[in-house]
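# Structural description and commentary
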Amino acid sequence: MRFAPAQLHLDCASLVEGDQRERADARDALVATAAQLITEQGYVIFRLGRLRLDGEESRRLAVELSEALRVALVRRGAPSAMRLEQDKEQQTYVPEGFGSRTLLPHHDGQHCSYLTPSTADDPDWAPAGRQFGDRGYTTTPAHKMYQGVFLADPGDGLSATTYYDWLDLLGTVHRERAATEEAGDARSLARWLGGNLRAALARQPEHGCAYPSIGAMLGLGEPMWHGLSFHHAEAPLTDGERARYPLAGPLARRCACGGCVGDTARLFCHQLLTATGRTWGEGRGRWEVLAPSERYDLLFGHNLTMLHGGLAGGAGRVIGPFCLVVDEPVGPEYERWLAAAWRRSLPAPR
């Protein structure tokens, strides 16, 4: 685990200084920087909390920044149909018996549109394969390209957001398995993940999970690693899950590294070891970045290049989802954006 680099913490003081024109210019310059950093590094933290404004004014600035970021990304080649979606606030769920909860690495939205290859990299890819599930949404059915979080209340826990370099994780596993020179390039990586998602989608009647698991995306064949959805580390294994997957109960008693807390975390540790050759503790050491934030900060991340999670969030933690989404992940603009995203870039500016 390491902390987010200083350049990803964006000072927002200029947003409340000077006249209206100066503030607008400062906002546009700030989101231009943010668009570049999100593309290349995967995420940014707008430090709105340091302005010490009230909740209403902080939220207004968060909306303004999010919309301006959308415009900046569209100007640089993101699909013109991309829109800002503000969903209802969410309060942190803490499993019974625990004082806080830890969210394991995941993507926002159960769709896999942002995980598939573009048709430029795989001409045979059918856009219809970009919807892994159509039920049980945590938020909405829109396809989240960039995920944003407005921290309305940090709660009584550590309340730190975690990020994980998904492209590096994928590339590392693919290179270690394939052991070929081309295994690490964007095209082969996108096609490999696309093939794993096709297989997981074809097996959905067997495993029944509406959310693509990390094990499935990394090509594991055991149905249990497709059918169990790992989210809250401390969550207990249900009786139904124990009955459906007899191996899950014994594995949940102790994880591969011996240090994980909770049934779900211990199973996730076994899954990660099987898929990557690394325990969850070792995976955290390699890929986890801690992004501390305070009340009213706004965090934005790229949904293809980064997984995200949450460390030690308390029950009083409240977030407002601010996502940049499309309703239909199809068309030339989307394909160009997706191909560029696999290369940590954006299409040519408009």
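Residues numbered from 1 in each chain as written. Predicted model: local features only at pLDDT ≥ 70, side-chain atom pairs only at ≥ 80, totals over all residues. Heavy atoms only, no water.

### Concerning unusual backbone geometry
At Arg52, a residue that is not glycine, the phi angle is positive and equals roughly 60°. Residue placement: Arg52 occurs in the loop between strand E3 (43–47) and helix H2 (55–75). According to the relative accessible area criterion, Arg52 is exposed, its value standing at 61%. Phi is positive for Arg344, close to 50°, though the residue is something other than glycine. (Helix = DSSP H or I, 4+ residues; strand = E, 2+ residues; numbered from the N terminus. Buried < 20%, exposed > 50% of the residue type's maximum accessible area, 1.4 Å probe, protein only.)

### Remarks on the packing of aromatic side chains
Tallied over the entire structure, the rule returns nine aromatic pairs. Judged by centre distance (4.2 Å) and plane angle (10°), the rings of Tyr43 and Tyr163 are stacked. Separated by 120 residues along the polypeptide, Tyr43 in strand E3 and Tyr163 in strand E8 (residues 160–165) bring together distant segments of the chain. For Tyr43, a relative accessible area of 3% translates into the label buried. Ring geometry for Phe230 and Phe268: centres 5.9 Å apart, planes at 70°, overall edge-to-face. Of this pair, Phe230 sits in the loop between helix H7 (223–227) and helix H8 (239–244) while Phe268 sits in helix H10 (residues 263–276), and the two are 38 residues apart along the sequence. An aromatic cluster of at least three residues, connected via ring pairs, comprises Tyr164, Trp225, Phe230, Phe268 and Trp280. Seen from the ring of Tyr296, Arg295 lies directly overhead, with NZ or CZ sitting 6.0 Å from the centre. (Phe/Tyr/Trp six-rings, centres within 6.5 Å; stacked < 30°, edge-to-face > 60°. Lys NZ or Arg CZ within 6 Å of the ring centre and 35° of its normal.)

### A short note on the environment of Pro347
Looking at the element boundaries, Pro347 is found in the segment after helix H12 (332–341). Overall, Pro347 belongs to the buried group, its relative accessible area being 13%. For Pro347 and Pro292, which are 55 residues apart along the polypeptide, the C-alpha to C-alpha distance reads 31 Å. Residues contacting Pro347, with those up to four places away along its chain left out, are Arg76, Gly77, Arg336, Trp337 and Ala340. (Contact = heavy atoms within 4.5 Å.)

### Here's the deal with the pairing of strand E12 (residues 318–326)
For E12, a buried count of nine out of nine residues is recorded, marking the element as mostly surrounded by other parts of the structure. When strand E4 (residues 83–86) meets E12, the two strands line up antiparallel, connected through four bridges. Within the sheet, the bridge partner assigned to Arg83 lies in E12 and is Val325. Where strand E5 (residues 90–91) lies against E12, two bridges are found, and the strand directions are antiparallel. Its bridge partner being in E12, Gln91 is matched across the sheet by Val318. Direction of pairing for strand E7 (residues 143–153) relative to E12: antiparallel, over a ladder of seven bridges. Its bridge partner being in E12, His143 is matched across the sheet by Val326. (Pairing = 2+ DSSP bridges.)

### Digging into the nonpolar core
Ranked by size, the top nonpolar core spans 92 residues in total, and within it Phe46, Leu48, Tyr146, Trp166, Phe300 and Trp342 carry the most contacts. The leading source of residues in this core is H2, at eight residues. (Core = buried A, V, L, I, M, F, W, Y, C linked by side-chain atoms within 4.5 Å.)

### Thoughts on helix H1 (residues 20–41)
In this model, H1 (22 residues) spans 31 Å end to end at C-alpha, consistent with the 32 Å of a helix rising 1.5 Å per residue. Here H1 has its buried residues at Ala24, Ala26, Leu30, Val31, Ala34, Ala35, Leu37, Ile38 and Thr39. Residues of H1 that are buried make contact with strand E2 (9–11), E3, H2, E7 and strand E10 (298–302). In this structure Asp19 caps H1, since a side-chain oxygen of it lies 3.2 Å from the backbone nitrogen of Arg21. Where H1 ends, the next residue or the one after it, Gly42, has phi of about 105°, a positive value. (Expected span 1.5 Å × (residues − 1). Polar contact = N/O pair within 3.5 Å; in protein donor to acceptor, adjacent residues only side chain to side chain.)

### Overview of the sheet that holds strand E1 (residues 2–3)
Strand order in the open sheet formed by five strands is E1-E9-E8-E11-E6, with mixed pairing between adjacent strands. Strand pairing shows two members of the sheet lacking a second neighbour, E1 and strand E6 (101–106), which therefore form its edges. Where E8 meets strand E9 (residues 288–291), four bridges bridge the pair, whose relative direction is antiparallel. Pairing of Thr162 across the sheet is with Leu290, part of E9. In the packing of helix H3 (residues 166–178) onto the sheet, the strands contacted are E8 and strand E11 (306–313), and the crossing angle to E8 comes to about 40°. (Axes fitted to C-alpha atoms, helices over the stretch in contact; angles between N-to-C directions.)

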